[in-house]
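Structural characterization, general
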2 protein chains.
Amino acid sequence: MKAAVTTKLFSPPTALKSGGKISNYFSSVPRLHSSNFSQIYSSIHLNSVKSIKKAQVAMSSMSATYKPEEARVPPAIPLPKPPITKFKIGLCQFLVASDKERNIARARKAIEEAAQQGAQLVLLPEIWNSPYSNDCFPLYAEDINAGGSASPSTAMLSELSQRLKITIVGGSIPERSGDKIFNTCCVFGADGTIKGKHRKIHLFDIDIPGKMTFMESKTLTAGESPTIVDTDVGRIGIGICYDIRFQELAAIYAARGAHLLCYPGAFNMTTGPLHWELLQRARAADCQLYVATCSPARDSTANYVAWGHSTLVGPFGEILATAEHEEVTVVAEVDYSFIEQRRTNLPFQKQRRGDLYQLVDVQRLNSVG
Amino acid sequence: MKAAVTTKLFSPPTALKSGGKISNYFSSVPRLHSSNFSQIYSSIHLNSVKSIKKAQVAMSSMSATYKPEEARVPPAIPLPKPPITKFKIGLCQFLVASDKERNIARARKAIEEAAQQGAQLVLLPEIWNSPYSNDCFPLYAEDINAGGSASPSTAMLSELSQRLKITIVGGSIPERSGDKIFNTCCVFGADGTIKGKHRKIHLFDIDIPGKMTFMESKTLTAGESPTIVDTDVGRIGIGICYDIRFQELAAIYAARGAHLLCYPGAFNMTTGPLHWELLQRARAADCQLYVATCSPARDSTANYVAWGHSTLVGPFGEILATAEHEEVTVVAEVDYSFIEQRRTNLPFQKQRRGDLYQLVDVQRLNSVG
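Residues numbered from 1 in each chain as written. Chains lettered and ligands numbered in written order. Predicted model: local features only at pLDDT ≥ 70, side-chain atom pairs only at ≥ 80, totals over all residues. Heavy atoms only, no water.

Per an unreviewed UniProt entry, chain A goes by the name OLC1v1037829C1 and belongs to Oldenlandia corymbosa var. corymbosa.

As structure tokens, then:
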């Protein structure tokens, strides 16, 4: 840090002409009422920090101004000890046809095969009991809450999860609830019960002229809540397809202590090659947890052609197992001990700048007393 | 939506055994004081929404509960019209040695070559005037604010930017300010003045045993502020290397209307192959803007070996131009018209769920009156 040492290394060239004037973008913005905002905002933190007993208050040793514990509002929950560290996951990438009975039979067969290969967690594709089209969603929709014969697809999943003693993240099906239709994923525990139900919260409305146009919002209603479930194979956050585009959802799941994010999806032939792998790897690497995805196999004769490429990604964003586009069940090992290891390698939790940005989990903020 | 149609498609299998019980993770959390939090939080939004004249209040047509305009706090600023739509960018990937004068001469030559090839914006690598080591940072540090002979590296950049009439994102150098040392990037306008100065806000403290251990915080102090600058070639958000790991920084730059993010970086031989390309593409695709990076060329004999691979990424996360690891200046075209096009294709801005998550730009929240 001695200037004398520095000057030994070079001869000073032309003098700096700027005179050191800095015209940063926000330097001229008046700081009116800032104390008012700060006070209100601080009171939120104070209350939420006090009230969350298990909150991780990660103290940074690097700078007095770092406030990593405030980068997540409410503060991040420490990663819970999972009931199991190592287990096999099965990603059932099968062909979806217009015959619903056949789809249910295929799902059943794929799940049984995955279980035979040792999978304790099985993931199905998005909209696996119906063709992916706005015309079909109302026709194939089931009343999941009524159960039984009103929902043969989930009845099959319930029966299988109980019989095979596995956890099933049941892809998604069109769900009828009153006069609305949702794109819904049920998570079944090894006892056959529904442990969580996620309704796709970001509807797939996309318009890439000449390549891909689809408007789910024509027939579907968006879900109202993120979904995270404690299962026999760890704490799992659920997103459906387009939900994966919104990094905030993954980040709030990570802050709720998720070990694994599961995204049933059906990316298409335009967005698949562009973004499917990228998004999975980004969510895993940024959140330092496992990400599993499951797509239908590709049917080139269908109106909506799925990209395939169901994948398991580890907490460094590394692809651990993946498929091409054909019918296949990928069985691969998850090892949660890598999560802690990656978080030790790259301690983002202690490095985030809560003094500069904060991600608010609105539902959790409103839930904690 | 008629049940009669549905039942034609299949025969109901086994009855659902769960009875529809849902045990979602947060369903049992008591909702104490939620109205209190909501009221306080709403008042922030109300005030900030009112006070930001240029705030984009993106209305969603999809659901009454979608509050996309609240997903960014304060609300996102609409993308400003850039002063120029198409231009060439130059990424100067050169070898950094222990001789500071030589480093300055190399930077000068690379910038002149980029300008000769038509680059109107030139980007330099992280820590380009010094070896990348905690031992060297104090020795090579310059007093940028004092300027002139106290900062020969930035003096050269000022002189060149004025003479060549180009914008320079000047990579980074160790900066001495009082008794502190920062890792600092200066942005020079075509008039030679410093238009913005970014001090790396996330210090590179990493420990992957046997592969890569480095603790910048041993010698460096973290910066206190995100940096976004209006230049002749658009609104540019600056991050330095490890800053790219924090998606929140990129997201708040996007919400401040950035066209381009520039990350001088020096990823190493462990994190480079793992994450360098992934992170650039993820930030670009998630924020739907351009991302440019610049690394030193690889010197396999150095203590810290840089990965290289300086890259320009477009707003679909697509790699537009990239380098291997040798000394090279990449010159490629940026076309900002693609930003609007991608945002029309995939209208994230209207699809975000401000009712479920909110990213707070703390500095901007405190700056607006």
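Some points on the overall build of chain A
Along the backbone of chain A there are ten helices and 17 strands. In chain A, the share of contacts with a sequence separation of at least 24, taken over all contacts with a separation of at least 6, comes to 70%. Summing over all exposed atoms, chain A offers an accessible surface of approximately 12800 Å²; the carbon and sulfur share of this is 52%. (Helix = DSSP H or I, 4+ residues; strand = E, 2+ residues; numbered from the N terminus. Contact = heavy atoms within 4.5 Å. Areas by Shrake-Rupley, 256 points an atom, 1.4 Å probe, with all protein chains shown as cover.)

Thoughts on the confidence of the model for chain A
All names here are of chain A. Overall, the predicted model of chain A reaches an average pLDDT of 86, with 82% of residues at or above 70. Contacts from residues 1–24, a stretch scored under 50 in pLDDT, to residues over four places away or in other chains number 54 contacts. In the predicted structure, residues 27–63 sits below a pLDDT of 50 and forms 76 contacts with residues beyond four places in sequence or in another chain. (pLDDT = per-residue confidence, 0-100.)

Here we look at the sheet that holds strand β13 (residues 290–294) of chain B
Residues and elements named next belong to chain B. Strand order in the open sheet formed by six strands is β10-β11-β12-β13-β14-β15, with mixed pairing between adjacent strands. A single partner strand is all that each edge strand has here, and the edge strands are β10 (227–231) and β15 (319–322). Between one strand and the next, the sheet's axes are offset by a mean angle of 20 degrees, whatever the strand orientation. Note that β13 and strand β14 (residues 311–313) share two bridges and pair antiparallel. Looking across to β14, one finds that Ala 292 is bridged to Leu 312. Against the sheet, helix α7 (residues 271–287) engages β12 (260–264), β13, β14 and β15, with an angle of about 155 degrees to β13. (Pairing = 2+ DSSP bridges. Axes fitted to C-alpha atoms, helices over the stretch in contact; angles between N-to-C directions.)

Examining the packing of aromatic side chains
All chains considered together, the criterion is met by 26 aromatic pairs over all chains. Between Tyr 132 of chain A and Phe 137 of chain A, the ring centres sit 5.3 Å apart and the planes meet at 75 degrees, which makes this aromatic pair edge-to-face. For Tyr 132 of chain A, a relative accessible area of 9% translates into the label buried. Owing to a relative accessible area of 0%, Phe 137 of chain A belongs among the buried residues under this scheme. Ring centres 5.6 Å apart and planes at 70 degrees place the aromatic pair Tyr 242 of chain B and Phe 246 of chain B in the edge-to-face group. The residues Tyr 242 of chain B and Phe 246 of chain B share a single accessibility class, namely buried. Three or more aromatic residues joined by ring pairs form one cluster here, namely Tyr 132, Phe 137, Phe 204, Phe 214, Tyr 242, Phe 246 and Tyr 304 of chain A together with Phe 348 of chain B. If you follow Arg 199 of chain A out to its NZ or CZ, it ends over the ring of Phe 182 of chain A, 3.9 Å from the centre. (Phe/Tyr/Trp six-rings, centres within 6.5 Å; stacked < 30°, edge-to-face > 60°. Buried < 20%, exposed > 50% of the residue type's maximum accessible area, 1.4 Å probe, protein only. Lys NZ or Arg CZ within 6 Å of the ring centre and 35° of its normal.)

With respect to the packing of helix α3 (residues 100–116) of chain A against helix α5 (residues 152–164) of chain A
All names here are of chain A. Remark: α3 packs on α5, axes separated minimally by 10 Å, with the N-to-C direction vectors making an angle of 20 degrees. Considering the angle they form, α3 stands roughly parallel to α5. Note on packing geometry: the crossing formed by α3 with α5 is right-handed. Residue-level inspection shows Lys 100, Ile 104, Ala 107, Arg 108, Ile 111, Glu 112 and Ala 115 of α3 in contact with α5, the latter providing Pro 152, Ser 153, Met 156, Leu 157, Glu 159, Leu 160, Arg 163 and Leu 164. (Parallel < 35°, antiparallel > 145°, perpendicular 65-115°, else oblique. Left-handed = near helix turned anticlockwise from the far one by under 90°.)

What about the side chain of Arg 342 of chain A?
Assignment of secondary structure puts Arg 342 of chain A in helix α8 (residues 337–345). It turns out Arg 342 of chain A is buried and unbridged, and the closest side chain with the opposite charge, Glu 318 of chain A, is 4.2 Å from it. (Lys, Arg positive; Asp, Glu negative; His and termini not counted. Salt bridge = Lys/Arg side-chain N within 4 Å of Asp/Glu carboxyl O.)

Focus on the sheet that holds strand β17 (residues 357–361) of chain B
Picture the strands of a sheet paired through backbone hydrogen bonds; they go either parallel or antiparallel. Reading across from one edge, β1(A)-β17(A)-β17(B)-β1(B) is the order of the four strands in this open sheet, with mixed pairing throughout. The sheet is open, and its two edges are formed by β1 (72–73) of chain A together with β1 (72–73) of chain B, each paired on a single side. As paired elements, β1 of chain A and strand β17 (residues 357–361) of chain A share two bridges and run parallel to each other. The residue of β17 of chain A that forms the bridge with Val 73 of chain A is Val 360 of chain A.

With respect to the pairing of strand β7 (residues 194–199) of chain B
All names here are of chain B. Burial analysis of β7 places six of its six residues in the buried class, which makes it a mostly covered element. As judged from the five bridges shared by strand β6 (residues 180–188) and β7, these two strands associate in the antiparallel manner. By the bridge assignment for β7, Cys 185 is matched with His 198. The antiparallel pairing of β6 with β7 creates a hairpin that spans five residues between the two strands, and Gly 192 there sits at a positive phi of about 85 degrees.

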